[in-house]
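Descriptive analysis of the structure
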Amino acid sequence: MVSQTLFYSTNGQAPLANLREALLRGQAPDRGLYMPVEIPRLPREEIAAMANLPYHEIALTVLRHYTTGVVDETKLSALCKDAYQFDVPLEHVGQHTWVMRLDRGPTASFKDFAARLMARMLGLFVVQENRPLTILTATSGDTGSAVASAFAGVPGIRVVVLFPEHEVSRLQRKQMTTLGGNIRTVAVAGKFDDCQAMVKRAFADPSLGHLSLTSANSINIGRLLPQIVYYYYAASRVAEPGASLVFSVPSGNFGNMMGAVLGWRMGLPIKRLVVAVNANDEFPRMLKTGTYEKIEPSRHCLSNAMNVGHPSNLARLVALYGGRMDETGVLGSKPDFDAMRKDIFSTSVSDEQTRETIKFTWTQHRLLLEPHGAVAWRGFEEYLSIEPPDRSPVVVLETAHPAKFPEEIQRCLGFSPDPPPCLRAVENLPEQFDRLPSDQNVFREYLLDTFGPHV
Ligand SMILES: *Cc1c(COP(=O)(O)O)cnc(C)c1O
């Protein structure tokens, strides 16, 4: 029998789970996050062969190492093919520099990559259960629309998306409030962190146990694994086999950067990872000082999908470097900070620098970036100032379509980008959403009213 990949909880108090269990639960019962006990290594030939494969086959090559014994390989192949039917452009900017545009999915954000595959895998698992699954998710901008779009119409699954009333753009809101059907959206009078706290408490609430709540946030391992794939894809397109690359990742809740770190441990040669954050600078400060202080409340920045004062996935990074961090951000034991610093360069980028970068890359390179991609670009520039360029290819990740930020681009560049068809389509659809205060009791009653009390 081929062995399954098993997952442990970063809090160390929960039994091991296989992928199916980990996906259905989202968070481990001890409130930790699932991580693979053993990270599979990809044979070098398998990585080299990716140069000739389309994206969805690279996804299969990477992900089958995690799905053995849980999802049949022919099935996984079909899911990947169905999930990834859009382009992944690598825009060549300078000699050794590329921008990878992860914005061509149906909601024009990189979160489509993870959400679409996870929805398909969960759809498969839920058929084997005989009660509906309720996905609860908090969004600071793009998760909600990607998750809502990915799950729309999946039988046996209903979705509730919580978003901070004043922290998402009109377009981001429209992308999730116009779907209807099995998708419900709730505007919370609060910040993203409040939404996230409400979701986390609901998971821990025994009076909601009968609803089979699970998360589609990046705390779900099913959201993380698909985010390994595009790092392999980029390497297969811009680097000689075996050559190591630099990636610059605009980071908020750290799911994206964890995809890179896992890919690295699976055998992808990475020289250094640049983790670029906005004014929520808890991570670069932790790297520098060796102590962790979350930012409460999180700071509101232009790159609004990265306004996270305590990244959930940080616990995973800490675990990989031998430490332990609980869900509240307490470092039970310190990770190997020296090793972490050697692998990761992290820097904080202000809103002013973000705007400068949008202007600079446009005038200098005719490269159009939105605020998140601009943070990554600026992070990469800071990295160059401490690490002189060599011949290693650099890939900067652009995580949303510039047309999702028309006011900001207009302000910086004097024009507003053409929206892609998927964004134009939602413009005229009617919106439907509920409003709630940031209050756990009210939220509990809402869920019970909507889906029925325990019988
Ligand atoms: C979510 C998001 C990010 C941050 O990704 P994390 O995985 O949370 O670090 C960056 N850019 C955009 C556009 C996003 O939607």
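Anything mentioned here points back to the structure above.
None of these values were measured; they are calculated from a predicted model.

**Structural notes on the overall build of the chain**
Looking only at helices and strands, one finds 19 helices and 16 strands in the chain. The globule rule puts the C-alpha radius of gyration for 455 residues at 23 Å, and the 21 Å found for the chain is close to it. Its C-alpha atoms give the chain principal-axis dimensions of about 65 × 55 × 45 Å. Within the chain, the fraction of its 455 residues that count as buried is 62%. Counting only contacts in the chain whose residues sit at least 6 apart along the sequence, the fraction spanning at least 24 positions is 74%. Accessible surface, the chain: about 17400 Å² in total, of which carbon and sulfur atoms supply 49%. Computed over 46 positive and 48 negative side-chain charges, the separation of the two mean positions in the chain equals 1 Å.

**A word on helix α5 (residues 111–128)**
Three or four residues apart is the spacing at which side chains of an α-helix point the same way, because the helix has 3.6 residues per turn. Under the 1.5 Å per step criterion, the end-to-end length of α5 is 26 Å for 18 residues, consistent within 8% with the ideal 26 Å. Burial analysis of α5 places 16 of its 18 residues in the buried class, which makes it a mostly covered element.

**What about the sheet that holds strand β7 (residues 157–164)?**
Taken in spatial order, the five strands line up as β9-β6-β7-β8-β16 in an open sheet, and their pairing is parallel. The open sheet has two free edges, formed respectively by β9 (213–215) and β16 (434–437), since each of these has just one partner strand. Direction aside, neighbouring strands of the sheet carry axes that sit 30° apart on average. The pairing of strand β8 (residues 183–189) with β16 spans four bridges and is parallel. Across the sheet, the residue bridging to A189 is P437, located in β16. Together, β6 (133–138), β7 and β8 form the strand contacts of helix α6 (residues 142–151), whose direction differs from that of β7 by roughly 165°. Against the sheet, helix α8 (residues 192–203) makes contact with β6, β7, β8, β9 and β16, and its axis sits at roughly 150° relative to β6, the strand it touches most.

**Things to note about the side chain of H372**
Within the secondary structure layout, H372 lies in helix α16 (residues 371–386). Reaching out from H372, the side chain makes a polar contact with the backbone nitrogen of A305 at a distance of 3.1 Å. With sequence-adjacent residues up to four places away left out, H372 is seen in contact with P250, S303, N304, A305, M306, E398, T399 and F405.

**Structural notes on the side chain of S346**
Locating S346 in the fold gives a position in strand β14 (residues 344–348). Residue classification places S346 among the buried positions, given a relative accessible area of 13%. A polar contact is formed between the side chain of S346 and the backbone oxygen of V275, at a distance of 2.9 Å. Discounting residues that sit within four places of it in the chain, S346 has contacts with V275, F283, P284 and L287.

**Observations regarding the pattern of salt bridges**
Taken as a whole and judged by the stated rule, the model has 19 salt bridges. In this structure, R444 engages D205 in a salt bridge whose closest nitrogen and oxygen atoms are separated by 2.6 Å. On the criterion of sequence distance, the pair formed by R444 in helix α19 (residues 440–451) and D205 in the loop between α8 and β9 is long-range, its members being 239 residues apart. Salt-bridge contacts for R355 lead to E408; the nearest nitrogen and oxygen are separated by 2.5 Å. Residue R355 is located in helix α15 (residues 351–365), and its partner E408 is located in helix α17 (residues 406–413); the two are separated by 53 residues in the primary sequence. The burial state of R355 is the same as that of E408; both residues are buried. Among the ionic contacts, a cluster of salt bridges with common partners joins E46, R64 and E73.

**Some remarks on the pairing of strand β10 (residues 245–250)**
Buried residues dominate β10, accounting for six of its six residues. Residues L245, F247 and V249 of β10 are buried on one face, and the alternating residues V246, S248 and P250, pointing to the opposite face, are buried as well. The handedness of the β10 to strand β11 (residues 270–277) crossover, carried by helix α11 (residues 255–265), is right-handed. Across three bridges, the pairing between β10 and strand β15 (residues 394–398) is parallel. Residue pairing across strands places S248 opposite V396, the latter belonging to β15.

Basis of the calculations
- Residues numbered from 1 in each chain as written.
- Predicted model: local features only at pLDDT ≥ 70, side-chain atom pairs only at ≥ 80, totals over all residues.
- Heavy atoms only, no water.
- Helix = DSSP H or I, 4+ residues; strand = E, 2+ residues; numbered from the N terminus.
- Rg over C-alpha atoms; globule rule 2.2 N^0.38 Å.
- Buried < 20%, exposed > 50% of the residue type's maximum accessible area, 1.4 Å probe, protein only.
- Contact = heavy atoms within 4.5 Å.
- Areas by Shrake-Rupley, 256 points an atom, 1.4 Å probe, with all protein chains shown as cover.
- Lys, Arg positive; Asp, Glu negative; His and termini not counted.
- Charge placed at Lys NZ, Arg CZ, Asp CG, Glu CD.
- Expected span 1.5 Å × (residues − 1).
- Pairing = 2+ DSSP bridges.
- Axes fitted to C-alpha atoms, helices over the stretch in contact; angles between N-to-C directions.
- Polar contact = N/O pair within 3.5 Å; in protein donor to acceptor, adjacent residues only side chain to side chain.
- Salt bridge = Lys/Arg side-chain N within 4 Å of Asp/Glu carboxyl O.
- Right-handed = clockwise from strand over helix to strand, strands pointing away.

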